[in-house]
Amino acid sequence: MEQHRESAGLVVGVDDKISISKAFLLGMQHVLAMDLYIAPIIIAGLLTMDASSTSFFIQMCFLATGIGTLIQTGFGLRLPVVQGPSYVPIGALAAIGGKLGLNAMIGSLIPGALLMALMGYPLKWFAKAVRKFIPPLVGGTVIIIVGIALMPIGMGNIYHAPGAIWTNVFIAAVSAGVLMTCMLLGKRAKVAGTFFRLVSVLIAIAVGTVTAAFFGTVDFSPVKEASWLSLPKFFPYGAPVFDLSAVLTMLFVYMIIMIETTGTWFVISTVTDSELTEKRLNRAAVGEGLGCFIGALFGGTPTTGYSSNAGLIAVTGVGSRMAIMAGGIILVALGLVPKLSTAITCIPEPVINGIFGIVCVAIVANGIKVIQHISIDDRNMMVIGLPILCTIAVTVLPKEALNGVPDFVNYILSSGITVGALATVILNVVIPESKEKKQAVNQQVA
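Residues numbered from 1 in each chain as written. Predicted model: local features only at pLDDT ≥ 70, side-chain atom pairs only at ≥ 80, totals over all residues. Heavy atoms only, no water.

An unreviewed UniProt entry lists the chain under the name Purine permease, with Brevibacillus nitrificans given as the organism. Annotation of the chain in UniProt includes, under Sequence similarities (unreviewed entry), the sentence "Belongs to the nucleobase:cation symporter-2 (NCS2) (TC 2.A.40) family." Note on the chain: under the UniProt heading Subcellular location (unreviewed entry), the record states "Membrane". (UniProt positions renumbered as here; feature names shortened; annotations may be inferred.)

Below, the structure is given as structure tokens:
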């Protein structure tokens, strides 16, 4: 186990036994450093929810992600992966909820979630589909695309956060600088260095928040107004409505989510040096489907394996399933205790997104690791390069360009990750490769 951990460059291995207190400390670090509440806030804003409804919606998303994390890490993929609200379906959910109502939005999520689980077991189709359509070339490219697509989101959140723009930039730079310093200390020092790397994100959040306090941009007053306990209930928006067009749209969106999350699993397997066997992939599909189904039951959004979590593992060297499962318990608590979830959302945006920028860099670097042993000939150059170009093109596409286009097209073009992932899969299938190289790839995958 120790040799396996060292080969992956981890400080705490996947199945290492750690104390409960240490597990919760390291799990809290993952929860704090990830933008798990951003997607629900965006969706709530697009649906024009009031403050109370928005708070409840965020809580239910926390609850769903916590349960999904426990399922995926404990019984599904059985690797340290944090589930979180996916960015991919934001446009589709906002359109469906806005036109057909929240009960139709929830109804559109259920069939796709159940189908996803069935593809893992009993059908056992998922692993075969991954082997055929998502080889390391595609998986690694999708990881790179995810990192690139998330970078503008993090930077934009810094620029548009409350307060003066250069103050926000300075706070973000301090947070990122502290994180990088801790990472470098973790590589060069011994005992002290290991400590700094393990809790590097917590240290960066603390220093960044203190820095923000000097500029008067920290406000924890909403915590006082939040209640202590809020129990969930099934279908809080009423009985689900199953509209055919909405269900078909979300089936397509789920396919994109699975491409995205499979890319995340490739990163997790790379940074933890763990093999993605067919059995593990099929179990992961069940875990993903159940997580999304539970999210729909409680009125949340589809959950997916978060790429930023994989980046955090690379940054901190913490690959412990115990730590991530402790993080899942913390997320469940955040879903039940509004004061806690409100406190998380009060951490200044420049602090979180300064750290998030470094995590995106780690995501891209790990995507490169996945494809580094693949020969970059003309074909593979196009399979890698063109989707990245498409991702950037969609990211900078003016929003008014989507006015008047069909809803289905709007859903796709609203997400650079969706376009990039689709382009990668399609190009890998469409562009032929030599027979010799195809045989070599098949042997490598086998």
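Further notes follow.
Asker: Describe the environment of S375, naming the residues involved and giving the relevant values.
Answerer: Relative to the helices and strands, S375 resides in the loop between helix 18 (349-371) and helix 19 (378-395). As a C-alpha pair, S375 and L137 span 238 residues in sequence and 9.8 Å in three-dimensional space. (Helix = DSSP H or I, 4+ residues; strand = E, 2+ residues; numbered from the N terminus.)

Asker: Please set out the pattern of salt bridges residue by residue, giving values where relevant.
Answerer: Any two side chains of opposite charge can pair, on the condition that their charged atoms come close. Across all of its chains, the model carries one salt bridge by this definition. For R321, the salt bridge is made with D15, and the minimal N-O distance between the two is 3.2 Å. Of this pair, R321 sits in helix 16 (residues 321-336) while D15 sits in the loop between helix 1 (2-7) and helix 2 (20-33), and the two are 306 residues apart along the sequence. (Salt bridge = Lys/Arg side-chain N within 4 Å of Asp/Glu carboxyl O.)

Asker: Go over the side chain of Q29 with me, naming the residues and quoting the values.
Answerer: By the secondary structure assignment, Q29 is in helix 2. At a separation of 3.2 Å, a polar atom in the side chain of Q29 contacts the main-chain amide nitrogen of L202. Dropping the residues within four chain positions of it, Q29 is found in contact with L198, V199, S200, V201, L202 and T316. (Polar contact = N/O pair within 3.5 Å; in protein donor to acceptor, adjacent residues only side chain to side chain. Contact = heavy atoms within 4.5 Å.)

Asker: I'd love a proper account of the layout of surface pockets, names of residues and values included.
Answerer: By volume, the largest pocket amounts to about 1500 Å³. Every residue lining the largest pocket is counted, 47 residues in all, and those nearest its centre are I42, I90, I153, N157 and K399. Taken together, the elements giving at least two residues each to the lining of the largest pocket come down to helix 3 (38-46), helix 5 (90-100), helix 8 (136-159), helix 18, helix 19, helix 20 (407-413) and helix 21 (416-430). Counting residues per element, the lining of the largest pocket draws most heavily on helix 8, which supplies six residues. Here the residues of the lining of the largest pocket sort into 29 nonpolar, 14 polar and four charged. (1 Å grid on protein atoms, 1.4 Å probe; cavity = no way out; pocket = protein on both sides within 12 Å on 5 of 7 lines; lining within 4 Å. Points joined across faces, edges and corners; volume = space filled by probe spheres on them. Nonpolar A, V, L, I, M, F, W, Y, C, P; charged D, E, K, R; others polar.)

Asker: An account of unusual backbone geometry is requested, with residue identities and associated values reported.
Answerer: Cis geometry is adopted by the peptide bond preceding P122, which originates at Y121 and carries an omega value of 10°. Its location among the elements puts P122 in the loop between helix 6 (102-120) and helix 7 (126-133). We note that F235 has phi near 45°; this positive angle belongs to a residue other than glycine. Within the element layout of this structure, F235 appears in the loop between helix 12 (221-225) and helix 13 (244-272). Even without being a glycine, D273 presents a positive backbone phi close to 55°. When you line up the elements, D273 lands in the loop between helix 13 and helix 14 (278-297).

Asker: Outline the nonpolar core, supporting the account with residue identities and numerical values.
Answerer: L150, W265 and I355 are the most contacted members of the largest nonpolar core, which has 110 residues in total. Sort the elements by how many residues they give to this core and helix 13 lands first, with 14 residues. Dropping the residues within four chain positions of it, W265 is found in contact with Q72, L77, F126, M258, L276, L281, A284, A285 and E288. Membership of the second largest hydrophobic core comes to nine residues, among which are V12, L26, A323 and A326. (Core = buried A, V, L, I, M, F, W, Y, C linked by side-chain atoms within 4.5 Å. Buried < 20%, exposed > 50% of the residue type's maximum accessible area, 1.4 Å probe, protein only.)

Asker: If you had to explain the state of the cysteines to someone new, which residues and values would you point to?
Answerer: Applying the stated rule across the entire model yields zero disulfides. Not engaged in a disulfide, the cysteine C182 finds its nearest cysteine sulfur in C360; these two sulfurs lie 19 Å apart. Since its relative accessible area comes to 4%, C182 is described here as buried. (Disulfide = S-S within 2.5 Å.)

Asker: Can you lay out empty space enclosed by the protein for me, pointing to particular residues and giving the numbers?
Answerer: Under the counting rule described, the total for this entry stands at two cavities of 30 Å³ or more. Lining the largest cavity are 10 residues, and of these Y87, L150, E260, Y306 and S307 lie nearest its centre. Elements that contribute at least two residues to the lining of the largest cavity include exactly helix 8 and helix 15 (307-316). Residues that form the lining of the largest cavity fall into these classes: five nonpolar, three polar and two charged.

Asker: Before we move on, can you summarise the packing of helix 13 against helix 14 with the specific residues and values?
Answerer: At a minimum axis distance of 12 Å, the contact between helix 13 and helix 14 shows a crossing angle of 130°. Between helix 13 and helix 14, the angle is such that the two are oblique. Pair helix 13 / helix 14 crosses with right-handed handedness. Facing Y254, I257, M258, T261 and W265 of helix 13, the residues of helix 14 in contact are L281, A284, A285, E288 and C292. Its residues assigned to classes, the contact of helix 13 with helix 14 shows eight nonpolar, one polar and one charged. (Axes fitted to C-alpha atoms, helices over the stretch in contact; angles between N-to-C directions. Parallel < 35°, antiparallel > 145°, perpendicular 65-115°, else oblique. Left-handed = near helix turned anticlockwise from the far one by under 90°.)

Asker: Describe in detail a nonpolar patch on the surface, supporting the description with residues and values.
Answerer: On the surface, I376, M381, M382, L386 and L389 cluster together into a nonpolar patch covering about 460 Å² of accessible area. With respect to the element layout, I376 can be found in the loop between helix 18 and helix 19. (Patch = residues over 30% accessible without salt bridge, like charges linked within 9 Å, V, L, I, M, F, W, Y side chains within 5 Å. Areas by Shrake-Rupley, 256 points an atom, 1.4 Å probe, with all protein chains shown as cover.)

Asker: I'd like to hear about the environment of F235, residue by residue, with values.
Answerer: Assessed through its relative accessible area of 27%, F235 is described here as partly exposed. Those residues in contact with F235, other than ones at most four positions away along the chain, are I106, I110, P240, A296 and L297.

Asker: Explain the packing of aromatic side chains residue by residue, including any values.
Answerer: A full pass over the atoms with the stated rule returns three aromatic pairs. Relative to F215, the ring of F170 has its centre 5.9 Å away and its plane inclined at 70°; by these criteria the two rings are edge-to-face. Taken together, the residues F170 in helix 9 (residues 165-188) and F215 in the loop between helix 11 (200-214) and helix 12 connect sequence positions 45 residues apart. Residue classification places F170 among the partly exposed positions, given a relative accessible area of 44%. Geometrically, the ring pair formed by F234 and F298 is stacked, given 5.3 Å between the ring centres and 25° between the ring planes. Residue F234 is located in the loop between helix 12 and helix 13, and its partner F298 is located in the loop between helix 14 and strand 2 (303-305); the two are separated by 64 residues in the primary sequence. What makes F298 buried here is its relative accessible area of 13%. The cationic tip of K339 hangs over the ring face of W228; the distance from NZ or CZ to the ring centre is 5.3 Å. (Phe/Tyr/Trp six-rings, centres within 6.5 Å; stacked < 30°, edge-to-face > 60°. Lys NZ or Arg CZ within 6 Å of the ring centre and 35° of its normal.)

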